[in-house]
Amino acid sequence: MASDEQAALQEKIKKMSPEELREYQKKNCIFCQIIAGKVASKKVYSDDKVFAILDINPANLGHLLLLPKEHYAIMPVIPEHELEHMAMVTKALSHTLLKVFQVGGTTIFIANGMAAGQKAQHFMIHIIPRKENDDVGLMIPQNNISEQDLTVIQQRLVARINELFGIKGEALKQEPKEQKPMAEEKKPVFQNIPESPQKTPVPEKFITSKKAKRFHRSKCPFAQNIPKEECIYDTIEELEKRGKKPCTCVTGKKIPLKKETGKQKIVEAEFSEKKQTEEGINLDDVSKLFLGK
Amino acid sequence: MTDCQYCQIIQGIVKAKKVYEDDKVYALLSPMPASLGHIILFPKEHVPILEHVKDPLVAYLFSIANKLSTAVFDSLGAQGTNIIIQNGISAGQRVAHVCMHIILRRENDGLNLMWQPKQLNEEQMSTVELQLKEATNSIGEFEKEEKKPIDLDKKKEVKEVKGDNYLLRQLRKIP
């Protein structure tokens, strides 16, 4: 029956609005309850934005957890000014730990996501006092990696970072491959670099109206003439189902001129007559007048 | 500091795979990574430990680390990131220059960065709590960024209008 309950819960969560979701998270988050004072804890520091407590299962005596008072699950979600405040408090707390416990150093540890070791749904910074040769662990391993793999990763990262920061990136200069005799063959530990996740292509949408025969891009002057109330904004497939044809702005092709109808011929004839009178007097007409016919 | 490895990297004496640089910080790919996409981020100013770094710079470091970790997340298909600062030799700091490690994590990648939790008794915990409460009372206001002094001479230069317009002269004459 537990699976049924879980399924029902998941359906409920999907239907909830963001405000309801936040309240639900707060009720189920033990750290939010600690901050609210409903659950007992060993509070060490608090101000208007952050809250620091002693960890119940510490790595070392004095292991602190620094939490934001608002419920944030991971670091990217936190607004910048709050994160900056947390950073400054982290530095101050690390300093107090050094003073109080007379230790040689501290480790500041942040886990973002389950795969990184985040155990609770509430973001927190671990500040752990460290002594020499203590059995805490937390040593960052060092592995070998080949030059080629590093350059591939570097290129991908630089492209994404330039996008995020808005830097107009310069193309990375490819260093000439130096062939040096290697004393020991370094076995690359990482054999497969995973491909960058493919973004699902978003289908392009075009503008038309009920009365119109064709659909246009948003920049097309015909599209700009359609009043906003009558605008229909849809993908190509759906517009073709409605019987709309593409405009030249979409296809890029010129529409062939229609075949000459009777009306056009008459118009052309009139134009040709007008041209004659403009150029000069038609001698035939004049001669007729004089000849009396 | 010529002995410091990271300062040499900033000056360009040592080759490194740079990922991001601006006037305050420098980020590069670690040559001996813990996992694919291990970035080392450090301030350009030579500071040995975190406590000596000025408050606005600490704040800036954390916000850049946040943005870098999202960039790495997107481009290398990770499921989590770890941000670690090793502050002091007993914490494992190898170079005497503050640095932050941004490590990408995927499920079942074999990295063990967790610790064994210890069971401490109530007495120890409550004494520690009291000690720390007293000490944290001294945490007061944080330093703000120093605003650079404005050069008044430069301001005057800007005000001089090039090519005095006769219309403007007329306007100035009006009381």
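Residues numbered from 1 in each chain as written. Chains lettered and ligands numbered in written order. Predicted model: local features only at pLDDT ≥ 70, side-chain atom pairs only at ≥ 80, totals over all residues. Heavy atoms only, no water.

1. Overview of the overall build of chain A
Counting its secondary structure elements, chain A contains 10 helices and 9 strands. Per-residue burial for chain A yields a buried fraction of 34% across its 293 residues. Sequence separation of 24 or more characterises 55% of the internal contacts of chain A that already satisfy a separation of 6 or more. Accessible surface, chain A as shown: approximately 21,300 Å² in total, 53% of it carbon and sulfur. (Helix = DSSP H or I, 4+ residues; strand = E, 2+ residues; numbered from the N terminus. Buried < 20%, exposed > 50% of the residue type's maximum accessible area, 1.4 Å probe, protein only. Contact = heavy atoms within 4.5 Å. Areas by Shrake-Rupley, 256 points an atom, 1.4 Å probe, with all protein chains shown as cover.)

2. Some thoughts on the nonpolar core
Grouped burial of nonpolar side chains is what soluble globular proteins tend to show. Residues A:Leu93, A:Ile125, A:Leu157, B:Ile39, B:Leu41 and B:Leu68 are the most contacted members of the largest nonpolar core, which totals 64 residues. Examining the composition of this core, we find that 11 residues originate from one element, helix H2 (residues 55-76) of chain B, more than from any other. Those residues in contact with A:Ile125 that lie beyond four places of it in its chain are A:Leu64, A:Leu65, A:Leu66, A:Met86, A:Thr90, A:Ile108, A:Phe109, A:Ile110 and B:Phe62. Residues A:Ala59, A:Ile128, A:Val136 and B:Leu113 belong to the second largest nonpolar core, which totals 14 residues. (Core = buried A, V, L, I, M, F, W, Y, C linked by side-chain atoms within 4.5 Å.)

3. Thoughts on the interface of chain B and chain A
Taken together, the contact between chain B and chain A spans 79 residues of the former and 85 residues of the latter. With both chains or domains summed, chain B and chain A bury close to 7,500 Å², and 67% of this area falls on carbon and sulfur atoms. It is B:Lys17, B:Leu36 and B:Trp115 in chain B that bury the most area against chain A; as a group they hold 10% of the surface buried on that side. At the boundary of chain B with chain A, the tally comes to 5 salt bridges. With its nearest N and O atoms 2.5 Å apart, the salt bridge here joins B:Asp74 to A:Arg160. If you look at where chain B meets chain A, you find 25 residue pairs in polar contact (both at pLDDT 80 or more). For the side of chain B that touches chain A, the secondary structure elements donating two or more residues are strand S1 (17-21), strand S3 (38-43), H2, strand S4 (80-87), strand S5 (100-105) and helix H3 (122-136) of chain B. Among the elements that make up the side of chain B that touches chain A, the one with the highest residue count is H2(B) (15 residues). (Buried area = accessible area lost by both parts, 1.4 Å probe. Salt bridge = Lys/Arg side-chain N within 4 Å of Asp/Glu carboxyl O. Polar contact = N/O pair within 3.5 Å; in protein donor to acceptor, adjacent residues only side chain to side chain.)

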